[in-house]
Amino acid sequence: AGSGTHTITYNVGVSGCTDSDQIDITVNQTPNVSITNPGDFCETDPAMDITASPAGGTWSGTGITNTTNGTFDPSVPGAGSYTVYYSVTNSGCTGIDSTEIDVYSTPDATITNPGDFCTDDAAYNLSAASSGGTWSGTGITDASNGTFDPSVAGSGTHTITYNVGVSGCTDSDQIDI
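Residues numbered from 1 in each chain as written. Predicted model: local features only at pLDDT ≥ 70, side-chain atom pairs only at ≥ 80, totals over all residues. Heavy atoms only, no water.

1. Some points on the packing of aromatic side chains
Reasoning step 1: Summed over the entire model, instances satisfying the criterion amount to 5 aromatic pairs.
Reasoning step 2: Centroid distance Phe 41 to Phe 72: 5.1 Å. Interplanar angle 45°. Geometry classified as tilted. Of this pair, Phe 41 sits in strand E4 (residues 41-42) while Phe 72 sits in strand E9 (residues 71-72), and the two are 31 residues apart along the sequence. In terms of burial, Phe 41 and Phe 72 fall into one category: buried.
Reasoning step 3: Seen in terms of ring centroids, Trp 135 and Tyr 162 are 4.2 Å apart; in terms of plane orientation they differ by 35°. Their pairing is tilted. Of this pair, Trp 135 sits in strand E13 (residues 134-136) while Tyr 162 sits in strand E16 (residues 159-166); the two residues are 27 residues apart in sequence, bridging distant segments of the chain. Accessibility classification places Trp 135 together with Tyr 162 in one group, the buried group.
Reasoning step 4: Connected via pairs of aromatic rings, a cluster forms that spans Phe 117, Tyr 124 and Phe 148. (Phe/Tyr/Trp six-rings, centres within 6.5 Å; stacked < 30°, edge-to-face > 60°. Helix = DSSP H or I, 4+ residues; strand = E, 2+ residues; numbered from the N terminus. Buried < 20%, exposed > 50% of the residue type's maximum accessible area, 1.4 Å probe, protein only.)

Right, dumping it as structure tokens:
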């Protein structure tokens with residue numbers, strides 16, 4: 001029948017006697033609901049309002065901290081995949097949409113302090129809480145392994161930087177050697 005008001009007629013007859021009745025039935029349109037995909041998050045990203053249309057609906061799901069504004073806070077659920085829902089009710093009809101949000105762990109770039117070196121000490125592989133990053137600074141001879149060579153660096157204080165990223169989530173740390 002589709003949306004709108006439809007007149008339904010009923011006719012009945014028995015032994016030449018007839019009767020009829022009519023009724024109007026209204027079919028309301030279910031709201032067409034659509035969520036704008038917010039993309040992926042890192043656990044340390046700030047909370048963000050997700051957008052959807054039409055306005056005036058209600059949000060639900062893990063990580064939703066404000067059901068009116070659609071605020072998603074990735075620090076609430078932590079790393080994982082979560083489905084959030086948005087529903088709009090109009091004239092008794094409810095439209096619902098959902099989207100999956102991936103939250104990734106933020107790596108930890110904290111560098112382990114190796115102590116002081118002498119210029120004639122052997123090269124040393126630095127380490128950090130999360131592996132797989134890139135090392136830079138005076139005296140770094142292997143950016144992947146974090147190899148620090150005191151003879152290349154020379155005497156003095158040298159700032160070493162470590163950058164690490166996983167699934168778009170990044171962290172950085174520096175240490176003076």
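There is more to say, and it comes next.
2. Description of the side chain of Thr 71
Reasoning step 1: Following the sequence through the fold, Thr 71 ends up in strand E9.
Reasoning step 2: A polar contact of 2.5 Å, which involves the side chain of Thr 71, links it to the side chain of Asp 49. (Polar contact = N/O pair within 3.5 Å; in protein donor to acceptor, adjacent residues only side chain to side chain.)

3. Here's the deal with the sheet that holds E16
Reasoning step 1: If you trace the 3 strands from one edge of the open sheet to the other, you get E13-E16-E17, paired in antiparallel fashion. Of all strands in the sheet, those with a lone pairing partner are E13 and strand E17 (169-176), marking the two edges. Mean inter-strand twist for the sheet, computed between neighbouring axes without regard to direction, equals 15°.
Reasoning step 2: Of the strand pairs in this sheet, E13 and E16 are connected by 3 bridges, and their pairing is antiparallel. Residue pairing across strands places Trp 135 opposite Tyr 162, the latter belonging to E16. (Pairing = 2+ DSSP bridges. Axes fitted to C-alpha atoms, helices over the stretch in contact; angles between N-to-C directions.)

4. Focus on the pairing of strand E10 (residues 80-90)
Reasoning step 1: As defined by bridge partners, strand E7 (residues 58-61) adjoins E10 across 4 bridges and the pair is classed as antiparallel. Its bridge partner being in E10, Ser 60 is matched across the sheet by Tyr 85.
Reasoning step 2: Note that E10 and strand E11 (residues 93-104) share 11 bridges and pair antiparallel. Paired with Ser 81 across the strands is Asp 102, a residue of E11.
Reasoning step 3: Where E10 folds back on E11, the antiparallel hairpin that results is connected by 2 residues, among which Ser 91 adopts a positive phi of roughly 55°.

5. Let's talk about the environment of Asp 73
Reasoning step 1: When you line up the elements, Asp 73 lands in the loop between E9 and E10.
Reasoning step 2: Classification of Asp 73 by relative accessible area gives buried; the value is 18%.
Reasoning step 3: Placed 47 residues apart in sequence, Asp 73 and Thr 26 show a C-alpha to C-alpha distance of 41 Å.
Reasoning step 4: Beyond its immediate stretch of four places on either side in the chain, Asp 73 contacts Ala 47, Gly 63 and Thr 65.
Reasoning step 5: Within the local environment of Asp 73, its side chain forms a polar contact with the side chain of Ser 75, the two groups lying 2.8 Å apart. (Contact = heavy atoms within 4.5 Å.)

6. Considerations on the state of the cysteines
Reasoning step 1: What the rule picks out here adds up to 1 disulfide.
Reasoning step 2: A sulfur-sulfur distance of 2.0 Å marks the disulfide that ties Cys 42 to Cys 169. Measuring the twist about the S-S bond at about -105°, one finds the Cys 42-Cys 169 disulfide to be left-handed. With Cys 42 in strand E4 and Cys 169 in strand E17, the pair connects residues that are 127 residues apart, well separated along the chain. The pair formed by Cys 42 and Cys 169 is uniform in burial state, with each residue classed as buried. (Disulfide = S-S within 2.5 Å.)

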